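The primary structure of each chain is shown beneath.
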Amino acid sequence: MTIPSLIVLHSSDSPNGRADTVDDIRRWHTNPKIIGSGTQAQCPKCLASVDENAWRCNTCGQHFGRGWKKAGYHHVIEIDGAAMPLVELNDDEILEPWEIANGAYGYNRRSVHICMIGRDAFSYAQWLSLTDLSFQYQDQFPRAQIVGHRDLNPNKICPGFDVATWLAQGREVLEGHVL
Ligand SMILES: [Zn+2]
Ligand SMILES: [Zn+2]
C-alpha cells in the first residue's frame, strides 16, 4: 500500500476525434495477446496462424489486446467529456494493490492515471472534464504531482501536450490542442 506521488495524464493515441470508449480501452489492454511474432504469430484462443499486427483472428473472431491483467487507467475521458471509471479506485488516499493500474511501467505503485481519448487534440468538453477531474484527484491525493506520461518516459508522446504549460496557464483549454 502506498500514497500516490503522481497523477499521470495520458492520451489513448487514437486518431483525433475518433469516438473510442472506455470499453475499447479495456479490451485493448486486457484481451489476450498474440502468441509469438513474425511468421510464428498465432491466435491465443484457436492457435490459427495470424498476422502479428492483426487486431482480430480471422478464424475464431477473437479480438487481440496486450494481455494485461488490469487496464492502464483509473478514468478515461471520452470525446463527449464523460469521465468514465476503468480501474476501480476507492475514495481514500491510499493506493492498495487492487487499485493499481498499468499505465506507466515502473511507476504504477505510486501513480493514479487519467487518459483522454485522442492523440493530441481534444474536444472542449474533454478539456473541461480534465480540469474538473484533475482537481478531484488532487483533493483525494493531495501529495501527488500532476505530470504527463511523456515526462516519465521520453519514448512516449502521450498525453500529446505539455502538462506543465497547461498547469501554468490555470488548466485552461490548451490552444493548438482542440478538436
Ligand atoms: Zn501513456
Ligand atoms: Zn482464433
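Each chain carries its own residue numbering, running from 1 in the direction its sequence is written. Naming scheme: in the order in which they are written, chains are lettered from A and ligands are numbered from 1. Local features in this predicted model are restricted to residues of pLDDT 70 or higher, and side-chain atom pairs are both shown and tallied only at a pLDDT of 80 or more, whereas totals for entire chains, interfaces and linings draw on every residue.

Colleague: Hey, could you run me through helix 1 (residues 22–30) in this one?
Modeller: The α-helix winds at 3.6 residues per turn, so residues separated by three or four positions along the chain end up facing the same way. Counting other C-beta atoms within 10 Å of its own, a residue is labelled buried from 20 upward, exposed at 12 or fewer, and partly exposed in the gap between, with every C-beta atom placed from the backbone. The numbering of helices and of strands both runs from the N terminus, where a helix is a DSSP run of H or I of at least 4 residues and a strand a run of E of at least 2. Among the residues making up helix 1, those that are buried are Val22, Ile25, Arg26 and His29. For helix 1, the arc enclosing every buried residue in end-on projection is 100 degrees, short of the 170-degree limit, so these residues lie on one face. Packed against the buried residues of helix 1 are strand 2 (75–77), strand 3 (83–85) and strand 4 (111–116). The directions from the helix axis to the C-beta atoms are what the arc is built from. The contact criterion used here is simple: two residues whose C-beta atoms, placed from the backbone, lie within 7 Å are in contact.

Colleague: When you look at the domain arrangement of the chain in this model, what are you seeing that I'm missing?
Modeller: How big an interface is tends to be stated in terms of the accessible area lost upon association of its parts. Assigned domains of the chain: these are domain 1 (6–29 + 67–168) and domain 2 (32–65). Boundaries of every domain are those given by an automatic assignment or by a domain database. Once you take the C-alpha centre of each, domain 1 and domain 2 turn out to be 28 Å apart. Each side of the interface is counted separately: domain 1 has 4 residues, and domain 2 has 4 residues. Three classes are used, and their members are as follows: Ala, Val, Leu, Ile, Met, Phe, Trp, Tyr, Cys and Pro are nonpolar, Asp, Glu, Lys and Arg are charged, and the others, Gly among them, are polar. For the side of domain 1 that touches domain 2, a count of residues per class yields 1 nonpolar, 2 polar and 1 charged.

Colleague: Looking at this model, I keep getting lost on the environment of lysine 45. Mind explaining?
Modeller: Among the secondary structure elements, lysine 45 is positioned in the loop between helix 1 and strand 2. Put simply, lysine 45 and lysine 33 are 12 residues apart on the chain and 9.6 Å apart in space, counted from C-alpha to C-alpha. Every residue in contact with lysine 45, bar those within four places of it in the chain, is listed here: Pro32, Cys57, Cys60 and Gln62.

Colleague: Can you walk me through the sheet that holds strand 3 in this structure?
Modeller: Backbone-to-backbone hydrogen bonds join strands into a sheet, with any given pair of strands oriented parallel or antiparallel. Pairing between two strands is assigned when DSSP locates at least 2 bridges connecting them. Taken together, 5 strands build an open sheet; the order of strands is 3-2-4-1-5 and the sheet is mixed. A single partner strand is all that each edge strand has here, and the edge strands are strand 3 and strand 5 (145–148). Ignoring which end each strand starts from, the neighbouring axes of this sheet average 25 degrees apart. Looking at chain direction, strand 1 (residues 6–11) and strand 4 are connected through 6 bridges and run parallel. Looking at strand 4, one finds that leucine 6 is bridged to serine 111. Structural elements are reduced to axes, namely lines fitted to C-alpha atoms, with helices fitted over the stretch in contact, and the angle between N-to-C directions of any two is expressed from 0 to 180 degrees.

Colleague: Which parts of the structure should I look at to understand unusual backbone geometry?
Modeller: The general pattern is negative phi for most residues beyond glycine and trans for most peptide bonds. Omega for the peptide link from cysteine 158 to proline 159 comes to 15 degrees, which places this bond in the cis form. By the secondary structure assignment, proline 159 is in the loop between helix 3 (149–152) and helix 4 (163–168). Phi is positive for aspartate 13, which is not a glycine, with a value near 60 degrees. Mapping aspartate 13 onto the fold places it in the loop between strand 1 and helix 1. The phi torsion at leucine 47 lies on the positive side, around 65 degrees, for a residue other than glycine. With respect to the helices and strands, the residue leucine 47 is situated in the loop between helix 1 and strand 2. The exposure class of leucine 47 is exposed, given the 12 C-beta atoms found within 10 Å.

Colleague: Is there a simple way to think about the nonpolar core in this case?
Modeller: Most often, soluble globular proteins keep nonpolar side chains buried together rather than apart. Core membership is restricted to buried Ala, Val, Leu, Ile, Met, Phe, Trp, Tyr and Cys residues, and these are joined into a nonpolar core through C-beta atoms within 7 Å. Formed by 33 residues in total, the largest nonpolar core has its most connected members in Ile7, Ile25, Tyr73, Val76, Leu86 and Ile114. Listed by contribution, the elements that provide at least two residues to this core are strand 1, helix 1, strand 2, strand 4, helix 2 (124–140) and helix 4. Residues in contact with leucine 86, not counting those within four places in the same chain, are Val22, Ile25, Arg26, Ala71, Tyr73, His74, His75 and Val76. Cys43, Val50, Cys57 and Phe64 belong to the second largest nonpolar core, which has 5 residues in total.

Colleague: Explain helix 2 here, please?
Modeller: For a helix, the expected span equals 1.5 Å multiplied by the number of residues minus one. Between the first and last C-alpha of helix 2 there are 25 Å, a value that for 17 residues agrees with the 24 Å anticipated at 1.5 Å per step. Gln126, Trp127, Ser129, Leu130 and Tyr137 are the residues of helix 2 that are buried. Take helix 2 and look down its axis: the buried residues cluster within an arc of 160 degrees, on one side only. Summarising the geometry of helix 2, the exposed residues directed more than 90 degrees from the buried face are Tyr124, Phe135 and Asp139. Residues of helix 2 that are buried sit in contact with strand 1, strand 2, strand 3 and strand 4.

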